[in-house]
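# Analysis of the macromolecular model
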Amino acid sequence: MNLRHLQFFVVLAEELNFSRAAERLHVAQPALSQQIRVLEDRMGTRLVDRGSRPLSLTEAGRYFCIEARQILESFEQATLGTREIGLGRRGWLGIGFTRSAMYSVLPPALKAFHRKFPDVELKLFEMLTEEQADALHEKRIHVGIGRQVQPIAGCTMLLLLREHVMIALPSDHPLASCKAVRMEELADSPLVLYPKHQSANFARFVESLYRDAGLTPYVAYQAYEIQTAIALVAAGLGITFVGESVARLGRSDVVYRPLLGAGLAQTTTLAASFRTEDDSIHLRAFLDSFGLQLPSPDETIRKTQ
């Protein structure tokens, strides 16, 4: 199956007549009919009811027509964008981000960058921090914004935010009335751990909080996304940990409390990672949009080879 098959089918769906469709496509009618049959064979079902007068699409054909139009439109947009970028009329910037970045550093940076570069297409990909290394190496993104980021070979890391960790509790939890909570007081509370990923850095960070307090967490649930974890907390199924930027959003059925104890061990970070060799002016401008003075390599940027 190729785009030509899709184009043939969409034109036939619009004309509902093989002769008129063949004329529009500048092909012979038998050739068009043969291509439609090839398409139906590939699909394993009839798309056109040839016995009806006038010609009509089957239910499967009507569904496929909608999907085929979207594919053709997406291809046309991709072709136009590629041509514009190739001619230097337009640029693009691929940004991978963990969801919690949308609660703090990312929206104002996007706004500032778009104000200066309205013609640069922003490709935003929500992904786990742990998925961003492969996306950078495969050049699917120019920059990844993640939490508890570990060094990535061939990449530079820029610290964007360091914030306190907060504990999210159901509003009717016995500790909800406290102004702050010690880890030891959470020993008997089931934990909702996220993200659910075999090498999740933030999950390991949370586990280290328990370990440093001499506790073993009871992980009742694991979630892929922060909002899912918070919803499970709201349902009274456990507690979870978030950065204070997430806690500021709030909701009536969840309370957020600071942790008491050693400060540094109870902070979490957001950082931007990008290929060290990438000298894109758009990447540099995007990093500038965070309002930080980009340090020299021997300062807070960390490079790995």
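Here is a short report on the structure shown in this document.

Reading the values: the criteria
Residues numbered from 1 in each chain as written. Predicted model: local features only at pLDDT ≥ 70, side-chain atom pairs only at ≥ 80, totals over all residues. Heavy atoms only, no water. Axes fitted to C-alpha atoms, helices over the stretch in contact; angles between N-to-C directions. Helix = DSSP H or I, 4+ residues; strand = E, 2+ residues; numbered from the N terminus. Parallel < 35°, antiparallel > 145°, perpendicular 65-115°, else oblique. Contact = heavy atoms within 4.5 Å. Nonpolar A, V, L, I, M, F, W, Y, C, P; charged D, E, K, R; others polar. Core = buried A, V, L, I, M, F, W, Y, C linked by side-chain atoms within 4.5 Å. Buried < 20%, exposed > 50% of the residue type's maximum accessible area, 1.4 Å probe, protein only. Expected span 1.5 Å × (residues − 1). Polar contact = N/O pair within 3.5 Å; in protein donor to acceptor, adjacent residues only side chain to side chain.

### Side note on the packing of helix α2 (residues 18-25) against helix α3 (residues 29-43)
- Running from N to C, α2 and α3 point in directions that differ by 100°, and their axes come no closer than 9 Å. If you check the angle between α2 and α3, you find them roughly perpendicular. Contacts from Phe 18, Ser 19, Ala 21, Ala 22 and Leu 25 of α2 reach α3 at Gln 29, Leu 32, Ser 33 and Ile 36.
- Here the contact of α2 with α3 is composed, by residue class, of 6 nonpolar, 3 polar and no charged.

### Focus: the nonpolar core
- In terms of nonpolar packing, the biggest core is built from 38 residues, with Leu 186, Phe 241 and Val 242 touching the most fellow members.
- Counting only elements with at least two residues in this core, the list comes to β6 (155-170), β8 (191-193), α7 (201-212), α8 (226-234), β10 (240-243), α9 (244-247) and β11 (254-260).
- Among the elements that make up this core, the one with the highest residue count is α7 (6 residues).
- Look past the residues within four positions of Val 242 in its chain and what remains in contact with it is His 164, Val 165, Met 166, Tyr 194, Ile 226, Ile 230, Ala 247 and Tyr 256.
- Counting residues in hydrophobic clusters, the runner-up holds 22 residues, among them Val 105, Phe 113, Val 143 and Leu 160.

### Examining helix α1 (residues 3-15)
- The end-to-end C-alpha distance of α1 is 18 Å, a good match for the 18 Å that 13 residues give at a rise of 1.5 Å each.
- What α1 keeps buried is the set His 5, Leu 6, Phe 8, Phe 9, Val 10, Val 11, Leu 12 and Ala 13.
- The backbone nitrogen of Arg 4 has a side-chain oxygen 3.0 Å away, supplied by the residue at the start of α1, namely Asn 2.
- Of the residues one or two after α1, Leu 16 is the one with positive phi, at around 50°.

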